[in-house]
Amino acid sequence: MDDVSGTPMSAGARARLIGAGYAAQGLGYATVVTALPEFKDRQGIDDTFVSAILLLVCVAAAGGSVLADRIAARWGSRYALASGLLLVGLGLAGTTFRSPNAVFAAILLAYGVGLGAVDASLSMQGVLVQARLGRSVMSRLFAAYTAAAIAAALLMSAVLAGGAGAAVAVAVAALFAIVVGLVGWRLFEPGRTLRSAVAHAGGGPGVRRIVLVCGMLIFTAFLVDSAVSTWSSVYLKDSLAAAASVAPLGYAAYQGAVLVSRLVADHMTPRAGRVPLALGSLAVCGVGCGLVVVLPAVGAAVTGFAIAGIGVGVLVPLAFSAAGEAALASSDEVIAKVNLFNYGGALGGAVLIGALSEPIGLRWAFLIPVVAVVATLPLARRLANLTVTAPTVDKAAA
């Protein structure tokens, strides 16, 4: 792995800066999602338009993930992350003004490209700095994302209650992303990795196996995440007749559980091992969603969503970390490919469950994540057989 750092900075300080990148991503995404009702009123658009735009944003994000891989290959993942954060910040800033709907859609698509670039390059950077530190930190980095998302929801609630408008919260997120991007342009982790054609000469099947195994873990985790994030409040309110003030508690319990599990997972990984932890996390996801199906009661549903959050919180950083370490010499490229499974899972959780809500009801639609978990369990066992390369990061440069 090539380290071209010219800036003296400890690996711990770089990890904290990369954590700020995760926070910027979480803050930005959460403000956009929570600002959607006000965007709809301001722009005069309906749910169909919003759904179409969100679908296109997912497609744009997948393109952004591919773009991040190209930038990382040529200049290093720090530039992919920094430029992605700048694009995210500019996109967020663009949404704070009323504009023709075509322009508004274009701004959101540009934001989507930045979103995907940041998604992929954050994990590239996390794996690189984790290798420098010689200990697991990915879960805590993802915890920064979750904590920022919770903070964004609270910020949005506060500004709307004060009559300031959603644009204020979005502007704060935009400014934060731009500042972190500018600082990180020089100070993010400068290490670079080889392309798989060089790092794994003759080992193409091995790389594909890493992408498949870790990618399917990511797919399942994001399918569960999208299902709970998109439909938990709707299920509680419409299917279980929960009060309007109670309906958001399922999502709040889920996010709180994700945060707690990510704060402790880095300490659990060396003790339990990746395979048992992956299998346990998948099982917990399945139990949580299964509880929602088996017991159609508000308390049981909120508890089920929280249980699912424990599994998702551990599984996502574990899968990215496993992919990066199994193909450390070309981790940038492998992580960019694994990250693409994220968008398939997110679309599956949001779209498939929504499509099934009419014919079978949301309660039974939550069986979809359970089926995905069961199907992924055999793949998780293969984590033990992935080719692991010795770390080649020059720790002295850190």
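The coordinates are above.
Described in the following lines is the structure provided in the data block.

Criteria and cut-off values
- Residues numbered from 1 in each chain as written.
- Predicted model: local features only at pLDDT ≥ 70, side-chain atom pairs only at ≥ 80, totals over all residues.
- Heavy atoms only, no water.
- Core = buried A, V, L, I, M, F, W, Y, C linked by side-chain atoms within 4.5 Å.
- Buried < 20%, exposed > 50% of the residue type's maximum accessible area, 1.4 Å probe, protein only.
- Helix = DSSP H or I, 4+ residues; strand = E, 2+ residues; numbered from the N terminus.
- Contact = heavy atoms within 4.5 Å.
- Axes fitted to C-alpha atoms, helices over the stretch in contact; angles between N-to-C directions.
- Parallel < 35°, antiparallel > 145°, perpendicular 65-115°, else oblique.
- Left-handed = near helix turned anticlockwise from the far one by under 90°.
- Nonpolar A, V, L, I, M, F, W, Y, C, P; charged D, E, K, R; others polar.
- Disulfide = S-S within 2.5 Å.
- Expected span 1.5 Å × (residues − 1).
- Polar contact = N/O pair within 3.5 Å; in protein donor to acceptor, adjacent residues only side chain to side chain.
- Phe/Tyr/Trp six-rings, centres within 6.5 Å; stacked < 30°, edge-to-face > 60°.
- Salt bridge = Lys/Arg side-chain N within 4 Å of Asp/Glu carboxyl O.

### Overview of the nonpolar core
Consideration 1: With 121 residues, the main nonpolar core has Phe 305 and Leu 383 as its most contacted residues.
Consideration 2: Looking at which element gives the most residues to this core, the answer is helix α8 (residues 204-239), with 15 residues.
Consideration 3: Filtering out sequence-adjacent residues up to four positions away, Leu 383 remains in contact with Val 213, Cys 214, Leu 217, Arg 274, Val 275, Ala 278, Leu 318 and Ala 322.

### What about the packing of helix α4 (residues 101-133) against helix α12 (residues 331-357)?
Consideration 1: Remark: α4 packs on α12, axes separated minimally by 9 Å, with the N-to-C direction vectors making an angle of 135 degrees. In terms of axis orientation, α4 runs oblique to α12. Two packed elements cross with a definite hand, and for α4 against α12 that hand is right-handed. Residue-level contacts link Leu 115, Gly 116, Asp 119, Ala 120, Ser 123, Met 124, Val 127 and Leu 128 of α4 to Ser 331, Asp 332, Ile 335, Ala 336, Asn 339, Asn 342 and Tyr 343 of α12.
Consideration 2: A breakdown of the residues in the contact of α4 with α12 according to their chemical character gives eight nonpolar, five polar and two charged.

### Re unusual backbone geometry
Most peptide bonds adopt trans geometry, and most residues besides glycine take a negative phi value.
Consideration 1: One non-glycine residue, Ala 241, adopts positive backbone phi at about 55 degrees.
Consideration 2: With respect to the secondary-structure elements, Ala 241 resides in the loop between α8 and α9 (249-272).
Consideration 3: Given the relative accessible area of 65%, Ala 241 is considered exposed.

### Brief notes about the state of the cysteines
Consideration 1: Per the counting criterion, the structure on display carries zero disulfides.
Consideration 2: The thiol of Cys 58 is not disulfide-bonded; the next cysteine sulfur, from Cys 289, is found 19 Å away.
Consideration 3: The partly exposed category is assigned to Cys 58, whose relative accessible area is 22%.
Consideration 4: Cys 285 takes part in no disulfide bond, and the closest cysteine sulfur, belonging to Cys 289, lies 6.8 Å away.
Consideration 5: By relative accessible area, Cys 285 is classed as buried at 1%.

### Considerations on helix α3 (residues 77-94)
Consideration 1: Over its 18 residues, α3 runs 25 Å from end to end, which matches the ideal 26 Å to within 8%, given 1.5 Å per residue.
Consideration 2: Along α3, the residues that are buried comprise Ser 77, Arg 78, Ala 80, Leu 81, Ala 82, Gly 84, Leu 85, Val 88, Gly 89, Gly 91, Leu 92 and Gly 94.

### Here's the deal with helix α11 (residues 298-326)
Consideration 1: The first and last C-alpha atoms of α11 sit 42 Å apart over 29 residues, in line with the 42 Å expected at 1.5 Å per residue.
Consideration 2: A large share of α11 lies buried, amounting to 23 of its 29 residues.

### Quick look at the side chain of Gln 125
Consideration 1: When you line up the elements, Gln 125 lands in helix α4.
Consideration 2: For Gln 125, the side chain forms a polar contact with the side chain of Ser 77, separated by 2.9 Å.
Consideration 3: With near-sequence residues (within four places) excluded, Gln 125 lies in contact with Ile 18, Ser 77, Arg 78, Leu 81, Phe 188 and Glu 189.

### Side note on the packing of aromatic side chains
Consideration 1: Following the criterion strictly, the structure yields six aromatic pairs and no others.
Consideration 2: Aromatic pair Phe 39 and Phe 104: ring centres 5.5 Å apart, planes at 75 degrees, arrangement edge-to-face. With Phe 39 in helix α1 (residues 11-43) and Phe 104 in helix α4, this pair connects stretches of sequence that are 65 residues apart.
Consideration 3: A relative accessible area of 3% places Phe 39 in the buried class.
Consideration 4: Note on Tyr 79 and Trp 185: the rings are 5.1 Å apart at their centroids and 65 degrees apart in plane angle, and the pair reads as edge-to-face. Of this pair, Tyr 79 sits in helix α3 while Trp 185 is found in helix α6 (residues 166-187), placing the two residues 106 residues apart along the sequence.
Consideration 5: Given a relative accessible area of 22%, Tyr 79 falls into the partly exposed group.
Consideration 6: Of the aromatic side chains, those joined through ring pairs into one cluster are Tyr 22, Phe 142 and Phe 320.

### Some points on the side chain of Thr 220
Consideration 1: With respect to the element layout, Thr 220 can be found in helix α8.
Consideration 2: Each residue touching Thr 220, except ones within four places of it in the same chain, is listed here: Leu 282, Ala 372, Val 373 and Thr 376.

### Some points on the pattern of salt bridges
Consideration 1: A complete count under the given rule lists five salt bridges for this structure.
Consideration 2: When the shortest N-O distance is used, the salt bridge between Asp 69 and Arg 70 registers 3.2 Å.
Consideration 3: The residue Arg 274 makes a salt bridge to Glu 325 at a minimum N-O spacing of 3.2 Å. Here Glu 325 lies in helix α11 and Arg 274 lies in helix α10 (residues 274-294), a separation of 51 residues in the sequence.

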